[in-house]
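As a plain string of letters, each chain reads:
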Amino acid sequence: MPRKIIIDTDPGQDDAVAILLALASPEELEVLGIVAVAGNVPLPRTSLNVRRIVELSGRTDVPMYAGCPRPMLRPLVTAEHVHGPTGLDGPHFPYPQNALQDQHGVDFIVETLMAAEPSSVTLCVLGPMTNVAMALVKEPGIVRGIERIVAMGGAYFEVGNITPSAEFNIYVDPEAAATVMACGVPIVLAPLDLTHQVLVTPPRMEAIRALGNPAAHAVGEMVAFSERFDREKYGWDGAPLHDPCVIAYLLKPELFSGREINVEIETMSPLTRGMSVADWWRVTERKPNALFLRDVDGDGFFALLCERLGRYPLPG
Ligand code: RIB
Ligand code: CA
């Protein structure tokens, strides 16, 4: 029986790879819907990017929604410096023929979870947590339907990527992240401490491009565009694939390991706004509220990614 999931996302090249990975895995994942949120680029662009990626996947059965256009309290901060002005710079995407649903993405999340069997739907959060937090505020009863939340976000030993202390998704909407971290459902975090271990090195890039289908070609072009930010900043031999870690965790959890710890979010300090304060060494009495992933089998991750991308049809 496939796991029911909702993907909440701010595409973003790495979001796109995560979505393609999920849509190539229908035996394991039933994608109930994909909801765009403002983040890497403004909502009109993240919504269009969801449409582009779903069109590329050929999965016309998956409904798409637009969620919140800005964080709960703060002005939107975007990351065109990483993802380009479209958010999906790199490949050429023809204008998509598909369309978003009329329903607001937050209402879709609320309606789906209120109608769901208890603990039956997994939320995959790939961007700022605004939509999920707004759904929790609008209808706290949705927690009943949530099996767990698996989110790319936070950092501890790896420190921040948008400020010295904060990871981008949490930084953009710290109040949303704090709301989610306190909601009481099981949470799995894929922080920078984890995602910085899955770098698209040249051999891995070659393996992706060798798949030869349009989906893999687009992935190669997207990563080739977005990787320059990380290469210049960190001097690495490749860029991290942040968001696909969320989907890969659901497909092959044995590739990952971490620790159940307490993670709190800084929302008051201008200096450390959005910092994820992870009590890795359990030096406080604060109750564990998340599985904080810290290790991954990188080769196993890329073997999974290539096998799934290889399922997309060849051209012509
Ligand atoms: O910090 C990395 C995260 O921020 C990823 O989800 C990336 O897509 C951006 O949203
Ligand atoms: Ca993202």
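Refer to the structure printed above.
Let us look at the structure shown here. Numbering of residues begins from 1 in every chain and follows the order in which that chain's sequence is written. Naming scheme: in the order in which they are written, chains are lettered from A and ligands are numbered from 1. The predicted origin of the model limits local features to residues at a pLDDT of at least 70 and limits the giving and counting of side-chain atom pairs to 80 or more, whereas totals for whole chains, interfaces and linings rest on all residues. Side-chain metrics in this entry use all non-hydrogen atoms of the structure; hydrogen atoms and water are not considered.

**Focus: the site of ligand 1**
Here's step 1: Residues are counted as near a molecule or strand when any one of their heavy atoms sits within 4 Å of it. Taken together, the residues surrounding ligand 1 are Asp10, Asp14, Asp15, Asn40, Leu126, Met152, Asn161, Glu167, Phe168, Asn169, His242 and Asp243.
Here's step 2: For ligand 1, the protein covers 96% of the area, taking 280 Å² as the surface of the free molecule.
Here's step 3: Residues are grouped as follows: Ala, Val, Leu, Ile, Met, Phe, Trp, Tyr, Cys and Pro are nonpolar; Asp, Glu, Lys and Arg are charged; all remaining types, including Gly, are polar. Grouping the constituent residues of the shell around ligand 1 by class yields three nonpolar, four polar and five charged. Here, Shrake-Rupley sampling with a 1.4 Å probe gives the accessible areas, and only protein chains in the shown set may cover a residue.

**A few points about the coordination of the calcium ion (ligand 2)**
Here's step 1: The protein atoms that coordinate the calcium ion (ligand 2) are Asp10 (OD), Asp15 (OD), Asp15 (OD), Leu126 (O) and Asp243 (OD), at distances spanning 2.2 to 2.5 Å.
Here's step 2: For Na, K and Ca the donor cutoff is 3.2 Å, while for all other metals N, O and S atoms must lie within 2.8 Å; water is not among the atoms, so some sites may look incomplete. Along the chain, the residues donating to the calcium ion (ligand 2) fall in the pattern D-x4-D-x110-L-x116-D. Of this pair, Asp15 sits in helix H1 (residues 13-23) while Leu126 sits in the loop between strand E4 (121-125) and helix H5 (130-138), placing them 111 residues apart in sequence. Helix and strand assignments come from DSSP, with helices taken as H or I runs of at least 4 residues and strands as E runs of at least 2, each series counted from the N terminus.

**Notes on the environment of Arg308**
Here's step 1: Inspection of the secondary structure puts Arg308 in helix H12 (residues 298-309).
Here's step 2: For Arg308, a relative accessible area of 8% corresponds to the buried category.
Here's step 3: Sequence-wise, Arg308 and Glu175 are 133 residues apart; in three dimensions their C-alpha atoms are separated by 35 Å. Categorising residues by exposure relies on relative accessible area from a 1.4 Å probe, with only protein chains included: less than 20% of the type maximum marks a residue as buried, more than 50% marks it as exposed, and the intermediate range marks it as partly exposed.

**Things to note about the packing of aromatic side chains**
Here's step 1: Aromatic rings from Phe, Tyr and Trp, taking only the six-membered ring of Trp, are treated as a pair when their centres fall within 6.5 Å; an angle between ring planes under 30 degrees marks them as stacked, one over 60 as edge-to-face, and anything in between as tilted. Inspection of the entire model under this criterion finds eight aromatic pairs.
Here's step 2: Taking the centre distance of 5.8 Å and the plane angle of 70 degrees together, the rings of Tyr249 and Phe256 count as edge-to-face.
Here's step 3: Here a set of aromatic residues connected by ring pairs shows up, and it is made of Tyr156, Phe157, Trp280, Trp281 and Phe292.
Here's step 4: A ring has a charge above it when a Lys NZ or an Arg CZ is no more than 6 Å from the ring centre and no more than 35 degrees off the ring normal. When the ring centre of Phe157 is taken as origin, the NZ or CZ atom of Arg294, which lies over that ring, is 3.7 Å away.

**As for the packing of H1 against helix H11 (residues 244-251)**
Helix-helix packing: each pair is described by the crossing angle between the helix axes and the interaxial distance.
Here's step 1: Interaxial angles span 0 to 180 degrees and are taken between N-to-C directions of axes, which are lines fitted to C-alpha atoms, for helices over the stretch in contact. As a packed pair, H1 and H11 sit with axes 7 Å apart at the nearest point and diverge in direction by 25 degrees. Classified by the angle between their axes, H1 and H11 sit roughly parallel to one another. Between H1 and H11, the contacting residues are Asp14, Val17, Ala18, Leu21 and Ala22 on the first element and Pro244, Ile247, Ala248 and Leu251 on the second.
Here's step 2: Here the contact of H1 with H11 is composed, by residue class, of eight nonpolar, no polar and one charged. The labels follow the angle: roughly parallel below 35 degrees, roughly antiparallel above 145, roughly perpendicular from 65 to 115, and oblique for the rest. The contact rule is simple, with two residues in contact once any of their heavy atoms fall within 4.5 Å.

**Focus on the sheet that holds strand E2 (residues 29-36)**
Here's step 1: Read from one edge to the other, the open sheet built from eight strands follows the order E3-E2-E1-E4-E5-E6-E10-E7, with strand pairing classed as mixed. Strands with a single pairing partner mark the edges of an open sheet, and in this sheet they are strand E3 (64-66) and strand E7 (256-261). Recorded for the sheet is a direction-independent mean angle of 25 degrees between the axes of neighbouring strands.
Here's step 2: This element, H11, spans strand E1 (3-9), E2, E4, strand E5 (146-152), strand E6 (187-190), E7 and strand E10 (290-296) of the sheet and lies at about 140 degrees to E5. Think of it this way: DSSP has to see at least two bridges between two strands before they count as a pair.

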